[in-house]
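# Report on the structure
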Amino acid sequence: MNKKIDSENQTIKAYFESKNEFYIPSYQRPYAWQVSQCEKLIEDIERHQENFDKDTQDNYFFGTVLIAQETGEQHEVALIDGQQRTTTFMLLLKALLLRIKEELAKISPSSLEGERLRDKLISLKGMIIKMLYHLNDDDEYLYSKGFEYQLQAIDIKYVNDSISELHKDDFVTILLGESYSDITNSVKKIENRRKDNKYTNFFKNFRYFYRELETKNNLQLAEFAEHFIMYCQVITITSYNTDQAINIFNSLNGTGLPLTPIEVIVSQTTANAKERKVFEENWRSIVEKTDHSRLNLNSLITHYIFVKLAQFQSETRNPGVSAFFNKNNQLLREDVLFTMELDQILTIFESYSDSPEGMILDRFNNNLKPFATSFQFYKGVENEFLIYLIKLGALLDLSESPYSSSKFKGFLEKINLKFSKKEVAPEEIISEMKQHIAGEFNKQEIEETLLESGVPTSLVYLNDYLYAKEKGEMFSLSNQVDIEHIMSQSGQNRENIMADAGFTDTSEFKEYAEKLGNKILLEADINRAIGDSWFRTKKMYTIADKKGYVGSRYVIAKSLTNYPKETWDKEDIDKATTKAAKRITDFIFNEN
């Protein structure tokens, strides 16, 4: 058995060019990276690029990749750890390749600078082709020169045998595509999912990269591509025995990892503490509280950073835990104040999270919560601010703009700087949020989106909350709550329910089943009890049984017990959807 282990610092270029194939073994998990992680990846590269000095600064480090390279195996190089990053890098490289080709088609050099830029883009194109595809010299020449060469799946340096990955073919489709439009038209659309949910993570992340790169001109594109390829790196750990590699992976994910940013914070604060035992006791208390809180330790530090960004007024963006504390290490020398403010943030978070508005906010993008904490840290309890964060959360789920856009992240980071200013009243901030929503979003478009099938489940929660307020009822979420389909979408009665509801086409039935007007909140135990029963049956259970809508705490469910009809059909779903869409739209645009 060969127990040799090699470790090598490799640029992204070297990492991909040095291997003919990246093999994903059968036991690996499916591709799980989300657009939010891709946003951070781009931000990290751009931040490093902005401040990079070739003569004095190290390359940007993406972490370690562990591979097993064992002779005699069908696939010589197996990715043991680093599958998610490697896959994401390849999606970014593909987006870069398409954009470079597009820019090269536009360039008509009329100057020395233009000729140099063209040469640089051609060189980058060649590098990326070598990184993504394993081609012989002739085929590589033909493809890089734009002659007729049809890429095949076997050319891609990626073989995915994961039994958990249902959409591996989508990655191949993307890597073989010759244009963004071709890829968009060819990728998988997952059945019974609407809007963005119908696409795989592979395509959503690739699309994000492509759209981000579209904002760069040809020079910016060349500089970004060069920086990512040449000045970003991974450490490749190579084991020549697969069993040994898996043991190393387990060790790296156990006690052998380098210190996390949180651990660095604790280490530095402990070293600087005037009363070490006092700090240790205070920190232990924070850890115990987060262990029983909905805010984990990492998220708590993120909330703390936004509170401090509001105080310092020097920058708007969260630079990341390590970068923030490297720049503001004086905070760790004031250990008593540091832990006291962390404790205050935890108290604030728990307080608003227990409110009806906090419960609804929890159903939307988690990036909104630090702003709720920062606002209340400086301005005190203000329910109206939570309501406007919910409005932005709803707009985020209903629009095509990502959180990273100026409509969301950019706007919230800007107003965060006003929270600590005593001269800025809460009402002034609320007014600015109201004006922002009115100026950036179209009411009719939002209402039309809400009428479609398959809107995010967060809107079901919001609709129930708004209906309860409309009726003057209390709203609270139980620990176990389900999304109930009033017209059941499956089960042994499905065909009869379809006929009862006026449907003859299965696809139309499925579409209506996923409309907002057919979905309500219902306790999980009640939902299990009624199963996929007829609408009339769901209404008829007695209060003593507590098995039907009559036993629910949720106001829409309770109201359905008095519904004048015994069936719930297409017309009823349309009416309920129209009312819900108007209710939510009026709420967002302050017209209710």
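See the structure printed just above.
Note that the structure is a prediction, hence the values are computed from the model and not measured.

Conventions used here
- Residues numbered from 1 in each chain as written.
- Predicted model: local features only at pLDDT ≥ 70, side-chain atom pairs only at ≥ 80, totals over all residues.
- Heavy atoms only, no water.
- Helix = DSSP H or I, 4+ residues; strand = E, 2+ residues; numbered from the N terminus.
- Rg over C-alpha atoms; globule rule 2.2 N^0.38 Å.
- Buried < 20%, exposed > 50% of the residue type's maximum accessible area, 1.4 Å probe, protein only.
- Pairing = 2+ DSSP bridges.
- Phe/Tyr/Trp six-rings, centres within 6.5 Å; stacked < 30°, edge-to-face > 60°.
- Axes fitted to C-alpha atoms, helices over the stretch in contact; angles between N-to-C directions.
- Parallel < 35°, antiparallel > 145°, perpendicular 65-115°, else oblique.
- Contact = heavy atoms within 4.5 Å.
- Nonpolar A, V, L, I, M, F, W, Y, C, P; charged D, E, K, R; others polar.
- Expected span 1.5 Å × (residues − 1).
- Polar contact = N/O pair within 3.5 Å; in protein donor to acceptor, adjacent residues only side chain to side chain.
- Disulfide = S-S within 2.5 Å.
- Core = buried A, V, L, I, M, F, W, Y, C linked by side-chain atoms within 4.5 Å.

The number of helices and strands found in the protein is 28 helices and 8 strands. Computed over its C-alpha atoms, the radius of gyration of the protein comes to 27 Å, within 12% of the 25 Å expected for a compact globule of 592 residues. Expressed along its principal axes, the backbone C-alpha trace of the protein runs to roughly 75 × 70 × 60 Å. Across the 592 residues that make up the protein, the buried fraction comes to 49%.

Time to look at the pairing of strand 8 (residues 519–523). Counting buried residues in strand 8 gives 5 out of 5 residues, a clear majority hidden from the surface. Relative to strand 8, strand 7 (residues 481–485) runs antiparallel, the two sharing 5 bridges. Directly across from Glu-484, in strand 8, lies its bridge partner Ile-520.

A complete count under the given rule lists 39 aromatic pairs for this structure. Aromatic pair Tyr-304 and Phe-338: ring centres 5.2 Å apart, planes at 80°, arrangement edge-to-face. With Tyr-304 in helix 13 (residues 297–312) and Phe-338 in helix 15 (residues 335–353), this residue pair connects regions lying 34 residues apart in the sequence. Judged by centre distance (5.6 Å) and plane angle (40°), the ring pair of Phe-408 and Phe-441 falls under tilted. Of this pair, Phe-408 sits in helix 19 (residues 406–416) while Phe-441 is found in the loop between helix 20 (426–440) and helix 21 (443–450), placing the two residues 33 residues apart along the sequence. Residue Phe-441 is classed as buried on the basis of its relative accessible area, which comes to 9%. Cluster of aromatic residues (ring-pair linked, three or more members): Phe-279, Trp-283, Tyr-304, Phe-324, Phe-325 and Phe-338.

This next bit is on the packing of helix 6 (residues 168–176) against helix 8 (residues 201–214). Contact geometry of helix 6 with helix 8 gives a least axis separation of 8 Å together with a crossing angle of 30°. The angle between helix 6 and helix 8 falls in the class roughly parallel. Residues Lys-168, Asp-170, Phe-171 and Ile-174 of helix 6 pack against Phe-202, Phe-203 and Phe-206 of helix 8. When the residues that make up the contact of helix 6 with helix 8 are grouped by side-chain class, the tally is 5 nonpolar, no polar and 2 charged.

Once that is clear, we can look at helix 9 (residues 218–231). The terminal C-alpha atoms of helix 9, which comprises 14 residues, lie 19 Å apart, in line with the 20 Å expected from a rise of 1.5 Å per residue. Within helix 9, burial applies to Leu-221, Ala-222, Phe-224, Ala-225, His-227, Phe-228, Ile-229 and Tyr-231. Its side-chain oxygen at 3.1 Å from the backbone nitrogen of Leu-219, Asn-217 defines the N-terminal cap of helix 9.

This part is about the pairing of strand 3 (residues 60–69). Sheet analysis places strand 3 next to strand 6 (residues 232–239), joined by 7 bridges and oriented parallel. Within strand 6, the residue paired with Leu-66 across the bridge is Ile-237. With 4 bridges joining them, strand 3 and strand 4 (residues 77–81) adopt antiparallel strand pairing. If you follow Leu-66 over to strand 4, its bridge partner there is Asp-81.

This next bit is on the state of the cysteines. Scanning all chains against the criterion turns up 0 disulfides. Of all cysteine sulfurs, the one in Cys-232 lies closest to Cys-38, which takes part in no disulfide; the gap is 15 Å. For Cys-38, a relative accessible area of 0% corresponds to the buried category. We classify Cys-232 as buried; its relative accessible area is 0%.

Below, the discussion takes up the nonpolar core. In terms of nonpolar packing, the biggest core is built from 102 residues, with Met-433, Leu-462 and Met-487 touching the most fellow members. No other element matches the 11 residues that helix 18 (residues 383–398) contributes to this core. If we skip the residues at most four places from it in the chain, Leu-462 touches Ile-360, Phe-364, Ile-390, Ala-394, Ile-584 and Phe-587. Of all hydrophobic cores here, the second largest spans 65 residues; its members include Ile-42, Met-90, Leu-97 and Tyr-143.

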